Amino acid sequence: MTRTDPPQIAAERELLQGFLDFHRQTLLLKVSGLSGEDLVRRSVEPSSMSLLGLVRHLTEVEQYWFKTCLAGEVVPDRYWTDEHPDGDFDLVDAAEAEADLQTYAAAVQESEEIAVRYSLDDTFLRPRREGEYSVRYLYIHLIEEYARHNGHADLLRERIDGSTGE
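Residues numbered from 1 in each chain as written. Predicted model: local features only at pLDDT ≥ 70, side-chain atom pairs only at ≥ 80, totals over all residues. Heavy atoms only, no water.

Draft legend 1. Quick look at the packing of aromatic side chains. In the structure shown here, the tally under the stated rule is 7 aromatic pairs. Their ring planes at 80° and their centres at 6.3 Å tell us that Trp-65 and Phe-124 sit as a pair that is edge-to-face. Of this pair, Trp-65 sits in helix α3 (residues 51-70) while Phe-124 sits in strand β1 (residues 123-125); the two residues are 59 residues apart in sequence, bridging distant segments of the chain. Ring plane angle 65° and centroid distance 5.0 Å describe the contact between Tyr-133 and Tyr-137, whose orientation is recorded as edge-to-face. Given a relative accessible area of 37%, Tyr-137 falls into the partly exposed group. One aromatic cluster in this structure is built from Tyr-64, Trp-65, Phe-124, Tyr-133 and Tyr-137. (Phe/Tyr/Trp six-rings, centres within 6.5 Å; stacked < 30°, edge-to-face > 60°. Helix = DSSP H or I, 4+ residues; strand = E, 2+ residues; numbered from the N terminus. Buried < 20%, exposed > 50% of the residue type's maximum accessible area, 1.4 Å probe, protein only.)

Draft legend 2. Inspection of the packing of α3 against helix α5 (residues 97-115) at higher detail. It is at 9 Å that the axes of α3 and α5 come closest, and there the two elements cross at 25°. Here α5 runs roughly parallel to α3, going by the angle between their axes. Between α3 and α5 lies a crossing of left-handed hand. Contacts between α3 and α5 pair Leu-52, Val-55, Arg-56, Leu-58, Thr-59, Glu-62, Gln-63, Phe-66, Lys-67 and Leu-70 from the former with Ala-97, Asp-100, Leu-101, Thr-103, Tyr-104, Ala-107, Val-108, Glu-110, Ser-111, Ile-114 and Ala-115 from the latter. Here the residues of the contact of α3 with α5 are counted per class, giving 12 nonpolar, 4 polar and 5 charged. (Axes fitted to C-alpha atoms, helices over the stretch in contact; angles between N-to-C directions. Parallel < 35°, antiparallel > 145°, perpendicular 65-115°, else oblique. Left-handed = near helix turned anticlockwise from the far one by under 90°. Contact = heavy atoms within 4.5 Å. Nonpolar A, V, L, I, M, F, W, Y, C, P; charged D, E, K, R; others polar.)

Draft legend 3. The pattern of salt bridges, seen in detail. As enumerated under the stated definition, the model contains 13 salt bridges in all. Across the salt bridge formed by Arg-24 and Glu-62, the nearest N and O atoms sit 2.9 Å from each other. Note that Arg-24 is positioned in helix α1 (residues 12-31) and Glu-62 in helix α3, a separation of 38 residues in sequence. One salt bridge connects Arg-157 with Asp-161, and the closest N-O pair in it is separated by 3.0 Å. Taken together, the residues span about one helical turn, with Arg-157 and Asp-161 both in helix α6 (residues 135-161) at a distance of 4 residues. (Salt bridge = Lys/Arg side-chain N within 4 Å of Asp/Glu carboxyl O.)

Draft legend 4. Summary view of α3. The end-to-end C-alpha distance of α3 is 27 Å, a good match for the 28 Å that 20 residues give at a rise of 1.5 Å each. Of all the bends found along α3, the most pronounced is centred on Tyr-64 and spans about 30°. Residue Gly-72 follows α3 closely and has a positive phi angle near 70°. (Expected span 1.5 Å × (residues − 1). Bend = angle between axes of the 7 residues up to and from the residue.)

Draft legend 5. The arrangement of α5 in detail. Taking 1.5 Å of rise per residue, the 19 residues of α5 would be expected to cover 27 Å, and the 27 Å separating its terminal C-alpha atoms lies within 8% of that figure. When α5 is considered as a whole, its buried residues turn out to be Ala-97, Asp-100, Leu-101, Thr-103, Tyr-104, Ala-107, Val-108, Ser-111, Ile-114 and Ala-115. In an axial view of α5, the angular spread of the buried residues amounts to 160°, which keeps them on one side of the axis. The outward face of α5, more than 90 degrees from its buried face, is lined by the exposed residues Glu-98 and Gln-102. Contact partners of the buried residues in α5: α1, α2 (36-40), α3 and α6. (Arc of directions from axis to C-beta.)

What follows is the structure, encoded as structure tokens:
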């Protein structure tokens, strides 16, 4: 797995996209080369967080922000339910690791296909929230969300096999 640094000088959209891509690639770098058992290991007790749980969570994040919020599509939650509000973390299964990684990749691809249809100044409404949000806000929020969770992923990976990030 390789990762491309974001541009240092570019137009705003290219910079935002570059940082989002960098963080998406960082997540994939953190989970690369591990078995399903490693990916579901909860290595920082008492947290139920695992690397695969992070992938599943960020799949839901991608779908929520791009498909539900921006595109206005009705998309059922994939891993969360009323019974299991933390199902993305709590219901991980080593046997489903590869499928979950493919689902994540498909969600990112769908997000990209949606995003190109909008300018940074376009706005949208979030279900059950007040006020408008811009596409620019969406990008910044997702960069923040990935950066936070990639920090978690770095710690989880180090506990699994000693690998550390930059």
